[in-house]
Amino acid sequence: GENVEQHPSTLSVQEGDSAVIKCTYSDSASNYFPWYKQELGKRPQLIIDIRSNVGEKKDQRIAVTLNKTAKHFSLHITETQPEDSAVYFCAAPLSGSARQLTFGSGTQLTVLP
Amino acid sequence: GAGVSQSPSNKVTEKGKDVELRCDPISGHTALYWYRQRLGQGLEFLIYFQGNSAPDKSGLPSDRFSAERTGESVSTLTIQRTQQEDSAVYLCASSLTSGIGNEQFFGPGTRLTVL
């Protein structure tokens, strides 16, 4: 099945700095890559996604880049704020499945004031 | 409209007991997923329902786990003879239709503690 590896597992940045989280996947046929944010004690929520026909997508302070050749995609958060502190999960389609996502193990981002 | 809801929010049970967890998806969402999230870990797929099709049970960890869904409404996840390793947050998600690329909306989860 699809393996999604996510790094780093924890990340601390100073408020205002940028944060980057990276994920790699194994199935070259994968075509959809969402990112979910889970604040402490709350439910995961989709923050941004990218499809394989584009290399980058941006929404205000967050962006996702996709390198299909290298089979990795990254979440970029600029001008980080304390409210960005959360666990971030990447996901990719499970190999051979049109319906299942497999999730990365998560990155605990802490933005220090 | 209302989001995905789950009940109970917390469940403490003794080892060996059965538990039933409930998920109410967003109205009109045909796809429903169950995930397990152990402390500090990612989301582990358990089972998927799409309309009246046969569910995808490939993620269920053992035959102690089962789930049902009536049509496109409520789903229940049942864990029989609970074990301590079943302790986790059980998350339900729904999406408008099946298929990758449809945003999954998560419920608040049920925190299960098996003593």
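Preceding this section is the structure that the text describes.
Numbering of residues starts from 1 in each chain and follows the order in which that chain's sequence is written. Chains and ligands are labelled sequentially in the order written, the chains with letters from A and the ligands with numbers from 1. In keeping with the model being predicted, local features are shown solely for residues with a pLDDT of at least 70 and side-chain atom pairs are shown and tallied solely at 80 or more, while totals for entire chains, interfaces and linings include all residues. No hydrogens and no water enter the side-chain calculation; it runs on all heavy atoms of the structure.

(A) Seen up close, the state of the cysteines. Two cysteine sulfur atoms form a disulfide, by the criterion used here, when they sit within 2.5 Å. Enumeration over the complete set of coordinates arrives at 2 disulfides over all chains. One disulfide bridge connects A:Cys23 with A:Cys90, the sulfur atoms lying 1.9 Å from each other. The sign of the -95 degrees torsion about the S-S bond sets the A:Cys23-A:Cys90 disulfide as left-handed. One end of the pair, A:Cys23, is in strand 3 (residues 19-25); the other, A:Cys90, is in strand 9 (residues 86-93), and 67 residues separate them in sequence. Take A:Cys23 and A:Cys90: they sit in the same class, and that class is buried. Disulfide partner of B:Cys23: B:Cys92, at an S-S distance of 1.8 Å. Helix and strand assignments come from DSSP, with helices taken as H or I runs of at least 4 residues and strands as E runs of at least 2, each series counted from the N terminus. Any residue under 20% of the maximum accessible area for its type is buried, any over 50% is exposed, and the rest in between are partly exposed; the area is computed with a 1.4 Å probe on protein chains only.

(B) Expanded view of the interface of chain A and chain B. The contact definition used throughout considers only heavy atoms, calling two residues in contact when any of these lie within 4.5 Å. Each partner contributes residues to the interface: chain A has 18 residues there, and chain B has 21 residues. Defined in terms of a 1.4 Å probe, buried area is the accessible area two parts forfeit on being brought together, summed over both. When residues of chain A are sorted by the area they lose upon contact with chain B, A:Arg43, A:Arg99 and A:Gln100 head the list and together hold 36% of the total. Here, a salt bridge means any side-chain nitrogen of Lys or Arg that lies within 4 Å of a carboxyl oxygen of Asp or Glu. For the pair chain A and chain B, the interface holds 0 salt bridges. Pairs of N or O atoms within 3.5 Å make up the polar contacts considered here, provided that, within protein, one atom can donate a hydrogen while the other can accept it, and that residues adjacent in sequence are counted only when both atoms are side-chain atoms. The tally of links from chain A across to chain B stands at 6 residue pairs in polar contact (both at pLDDT 80 or more).

(C) Here's a closer look at the environment of B:Ser66. All names here are of chain B. Here Ser-66 shows up in strand 6 (residues 65-69). For Ser-66, a relative accessible area of 34% corresponds to the partly exposed category. Apart from the residues within four sequence positions on either side, Ser-66 is in contact with Leu-60, Thr-76, Leu-77 and Thr-78.

(D) Geometry of the sheet that holds strand 3 of chain A. Residue and element names in this part refer to chain A. An order of 1-3-8-7-6 is seen for the 5 strands of this open sheet, with the pairing classed as antiparallel. The outermost strands of the open sheet, each flanked by one partner alone, are strand 1 (4-7) and strand 6 (56-59). Between one strand axis and the next, the sheet turns through 15 degrees on average, direction left out of account. Here a strand pair is declared whenever DSSP counts at least two bridges between the two strands. When strand 6 meets strand 7 (residues 62-67), the two strands line up antiparallel, connected through 4 bridges. Bridge pairing in strand 7 places Lys-58 opposite Ala-63. Working convention: axes come from line fits to C-alpha atoms, limited for helices to the stretch in contact. Angles between N-to-C directions cover 0 to 180 degrees.

(E) Quick look at the pattern of salt bridges. Evaluation of the coordinates by the stated rule reveals 7 salt bridges over all chains. Between A:Lys42 and A:Glu39 there is a salt bridge, with its nearest N and O atoms 4.0 Å apart. Using a relative accessible area of 31% as the deciding quantity, one classes A:Glu39 as partly exposed. Measuring nitrogen to oxygen at the nearest pair gives 3.0 Å for the salt bridge that ties B:Arg36 to B:Glu44. For B:Glu44, a relative accessible area of 29% corresponds to the partly exposed category. Each of A:Lys37, A:Glu39 and A:Lys42 takes part in a single network of salt bridges with overlapping partners.

(F) Here's a closer look at the packing of aromatic side chains. Put simply, two rings from Phe, Tyr or Trp (the six-membered ring, in Trp's case) pair if the centres are within 6.5 Å, and we call them stacked under 30 degrees between planes, edge-to-face over 60, tilted for the rest. Applying the stated criterion to the full structure yields 12 aromatic pairs over all chains. Aromatic side chains A:Phe33 and A:Phe73 sit 4.7 Å apart centroid to centroid with 45 degrees between the ring planes, which places their arrangement in the tilted category. Highlighted residues: A:Phe33 in strand 4 (residues 32-38) and A:Phe73 in strand 8 (residues 72-77), separated in sequence by 40 residues. Comparing A:Phe33 with A:Phe73 shows no difference in burial state: the two are buried. Measuring from ring centre to ring centre gives 5.6 Å for B:Tyr35 and B:Phe106, while their planes differ by 40 degrees; the resulting arrangement is tilted. Placement of the pair is B:Tyr35 in strand 4 (residues 31-37) and B:Phe106 in strand 9 (residues 105-106), with a sequence separation of 71 residues. Both residues of the pair, B:Tyr35 and B:Phe106, count as buried. Each member of the aromatic cluster is reached from another via a ring pair, and the members are A:Tyr36, A:Phe103, B:Tyr33, B:Tyr35, B:Phe45, B:Tyr48 and B:Phe106.

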